[in-house]
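Reading the structure
One-letter residues, chain by chain:
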Amino acid sequence: MNQSQVLPSGSSMELNGLSEEQRVLNRSKRGWVWNQMFVLEEFSGPEPILVGRLHTDLDPGSSKIKYILSGDGAGTIFVINDKTGDIHAMKRLDREEKAEYTLTAQAVDRDTNKPLEPPSEFIIKVQDINDNAPEFVDGPYHATVPEMSVVGTFVTKVTATDADDPVYGNSAKLVYSILEGQPYFSIEPHTAIIKTALPNMDREAKEEYFVVIQAKDMGGHMGGLSGTTTVTITLTDVNDNPPKFAQSLYHFSVMEDVALGEPVGRVKANDLDIGENAKSSYDIIEGDGMDIFEITSDSQSQDGIIRVRKPLDFETKKSYTLKVEAANIYIDPRFISGGPFKDTATVKIVVEDADEPPVFSSPTYLLEVHENAAINSVIGQVTAHDPDVSSSPIRFSIDRHTDLERQFNINAEDGKITLATPLDRETNMWHNITIIATETRNHSQVSRVPVAIKVLDVNDNAPEFASEHEAFLCENGKPGQIIQIVSAVDKDDPKNGHFFLYSLLPEMVNNPNFTIKKNEDNTLSILAKHSGFSRQKQEVYLLPIIISDSGNPPMSSTSTLTIRVCGCSSDGVVQSCNVEAYVLPIGLSMGALIAILACIILLLVIVVLFVTLRRHKNEPLIIKDDEDVRENIIRYDDEGGGEEDTEAFDIATLQNPDGINGFLPLLR
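These lines cover the structure that appears in this document, whether it is placed above or below. (Residues numbered from 1 in each chain as written. Predicted model: local features only at pLDDT ≥ 70, side-chain atom pairs only at ≥ 80, totals over all residues. Heavy atoms only, no water.)

All right, on to the pattern of salt bridges then. Per the stated rule, a full pass over the model turns up 19 salt bridges. With its nearest N and O atoms 3.1 Å apart, the salt bridge here joins arginine 203 to aspartate 237. With arginine 203 in the loop between β14 (193-196) and β15 (208-216) and aspartate 237 in the loop between β16 (226-236) and β17 (244-245), this residue pair connects regions lying 34 residues apart in the sequence. For the residue pair arginine 203 and aspartate 237, the accessibility class agrees, reading buried in each case. Close ionic contact of aspartate 457 with arginine 425 constitutes a salt bridge, the shortest N to O distance being 3.1 Å. Within this pair, whereas aspartate 457 is found in the loop between β33 (446-456) and β34 (464-465), its partner arginine 425 is found in the loop between β31 (416-419) and β32 (430-439), the two being separated by 32 residues in sequence. One network of salt bridges, in which partners are shared, links Arg203, Glu204, Glu207 and Asp237. (Salt bridge = Lys/Arg side-chain N within 4 Å of Asp/Glu carboxyl O. Helix = DSSP H or I, 4+ residues; strand = E, 2+ residues; numbered from the N terminus. Buried < 20%, exposed > 50% of the residue type's maximum accessible area, 1.4 Å probe, protein only.)

Now the structure itself:
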């Protein structure tokens, strides 16, 4: 049976000090029997450390066997004596860098290098020593916890790591403790959970704590290595403080003419809390100016801003006293028993006098005047006064930009408005002007007021037809048939609406052809009295109608309705209203008839011209003998134009007048 021997290092046994039981381990079926070899890390000395010895029972001691080592670190870290089989570690080993090495051993014939047995693997494990201190890889830490928390409130958890072997020994067994930060906080030794150790820690007293945590290996025993980290713990705010006014009494002054919404002053309620917990709302809870002033919160500064809500009047009230309250918006129910979370202060506001403009007795005026009012008649009056104690006299005027036509005047002293030009309601029913009131002692103090003037109607327009009407009457119409319905309009506007009366002229009352009938809707129907109207007999009828209104005095006008007789179909549809339609041959239109007449007229004109030219051509132009030529001589004193005058006429004609038109004197 083959046998092998392993000599482990790192124990009290040296090369020659091993017991026989430790040196020889038997196994069947092969010549090698292995144990794991061990070597201590970080071992250093003047000589390489012996890790173990390899031996085979095939070796007769004649040095013919050669031992070969291969694998992790073979030849560099681990070297084997090829004759004796001793394995040495040539370098310092670090378990944290590499914990074990896998190598292969083989015995060969020194002369032939032939394997004597198959190769076998074995492991050299690096035994751990406590050479690494714990480390907080995530430190330093930052944590928060609400102020006023109860004892044992979780703050945070820290974690340290140790590179030593957690399985072998206590080199990586850590225990945590607090070096700085007591008595405010505590740490659980094994879980490293940090908790509060004191109750009612107040952020307003101290906000930040610096805690030092230690982690020690070897279970915390003496000789263990340690590492530390810091934890910065910040107390977060809770609403545990009420607002408090900086002073209990505030004084402000304000001019009486300050604009609405303008700030009068600011009050401040301080709160030791921060953020949302420090926000406060302000209210006026008491005082004689609750409806005159209001208070709002400034979101940036958390001030209470007092503003004017309604106009102030020094002459009416010179001072106001208010009680304002500041209350936290967000209340923490855990601390509600420590309330109330509010505070109050008194605010005194003094109103100062200002030179105010005149004040009209009314913000607007509405005046009414009839359109037939006389010139210079009084339409109405406006009044104003100076609200100041000095009470300056007032002068009135009209803003002429609102009365471009200068239709009105105003008395500068008493404010009476008079009519300057005639009015016409039908042209302009409303006039809107602006009256100006100015203090005589200070012309910069000016007020304006709008005045609306309504022009009232009088019956000064007669009614008339709403439009020009032309009625059509069928020749085959029946007696009593409605020819036309007419309506009337009136530019006036009576209070009870329009009511028109219609009638015929007195001389037309017994009109044999037509009659009229008043309708309920204020219109008039025209009716035919008989049938048998003929266009050839009379084509057009004129019917004057009198229209009267119901005004006082009543106005009336006469309008004439034109009634044209037309030819209609059997169902009353108008077809033609012209007389010439009777004389037109069947199928010949009016356009064709006009064209024929134009041709006839053109032929007549041509014939007349032809005859006229013929007669004119046959008349002789020779001066008769019995005519005295001297009677045709006209004397004038104009100077001639010289040679150019001879070109204006034929001189030969003057010398021989008988040659005109081809008539030549006979030679004798």
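Once you've had a look at it, read on.
Across the sheet, which stays open at both edges, the four strands sit in the order β18-β24-β23-β20 with mixed pairing between neighbours. The outermost strands of the open sheet, each flanked by one partner alone, are β18 (249-255) and β20 (280-287). The mean inter-strand angle of the sheet, taken between neighbouring strand axes irrespective of direction, is 30°. Here seven bridges tie β18 to strand β24 (residues 342-352), and the two strands are oriented parallel to one another. Bridge assignment links serine 253 to a residue of β24, and that residue is valine 350. (Pairing = 2+ DSSP bridges. Axes fitted to C-alpha atoms, helices over the stretch in contact; angles between N-to-C directions.)

In sheet architecture, strand pairing relies on hydrogen bonds along the backbone and comes in two forms, parallel and antiparallel. A sheet is described by the order of its strands in space; here three strands give the open sequence β27-β31-β30, paired in antiparallel fashion. On the outer flanks of this sheet lie β27 (378-381) and β30 (408-410), each paired with one strand and no other. Neighbour-to-neighbour, the strand axes of this sheet turn through a mean angle of 25°, independent of strand direction.

By secondary structure assignment, the location of asparagine 239 is in the loop between β16 and β17. Within the local environment of asparagine 239, its side chain forms a polar contact with the side chain of asparagine 328, the two groups lying 3.5 Å apart. Side-chain polar atoms of asparagine 239 contact the backbone oxygen of tyrosine 330, separated by 2.4 Å. Those residues in contact with asparagine 239 that lie beyond four places of it in its chain are Asp273, Asn277, Asn328, Tyr330, Ile331, Asp332, Phe335 and Phe341. (Polar contact = N/O pair within 3.5 Å; in protein donor to acceptor, adjacent residues only side chain to side chain. Contact = heavy atoms within 4.5 Å.)

Time to look at the pairing of β16. Note that strand β10 (residues 141-146) and β16 share six bridges and pair parallel. Among the inter-strand pairings, alanine 143 is bridged to a residue of β16, identified as isoleucine 233. By the bridge criterion, nine bridges tie β15 to β16 in an arrangement that is antiparallel. The residue bridging phenylalanine 210 from the neighbouring strand is threonine 232, located in β16.

Omega for the peptide link from glycine 139 to proline 140 comes to -5°, which places this bond in the cis form. By secondary structure assignment, the location of proline 140 is in the loop between β9 (120-127) and β10. For the bond from glutamine 182 to proline 183, the omega torsion is 5°, close enough to zero to count as cis. With respect to the helices, strands and loops of the structure, proline 183 is situated in the loop between β12 (175-180) and β13 (185-187). Its identity is not glycine, yet asparagine 376 carries a phi of approximately 70°, on the positive side. Here asparagine 376 shows up in the loop between β26 (365-370) and β27.

All right, on to the state of the cysteines then. A covalent bond between the sulfur atoms of two cysteines is referred to as a disulfide. One pass over the full model with this rule turns up two disulfides. Residue pairing for cysteine 474: its cysteine sulfur links by disulfide to cysteine 568, the two sulfurs lying 2.0 Å apart. The sign of the -85° torsion about the S-S bond sets the cysteine 474-cysteine 568 disulfide as left-handed. Of this pair, cysteine 474 sits in strand β35 (residues 470-474) while cysteine 568 sits in strand β42 (residues 556-568), placing them 94 residues apart in sequence. The same class applies to cysteine 474 and to cysteine 568, which are both buried. Each disulfide pairs two cysteine sulfurs, and for cysteine 566 the partner residue is cysteine 577, the sulfurs being separated by 1.8 Å. (Disulfide = S-S within 2.5 Å.)

With that settled, consider the pairing of strand β19 (residues 263-270). Relative to β19, β17 runs antiparallel, the two sharing two bridges. Within the sheet, the bridge partner assigned to phenylalanine 245 lies in β19 and is alanine 269. Judged from the five bridges that link them, β19 and strand β22 (residues 303-308) form a sheet pairing that is antiparallel. Residue pairing for β22: proline 263 is matched across the bridge by arginine 307.

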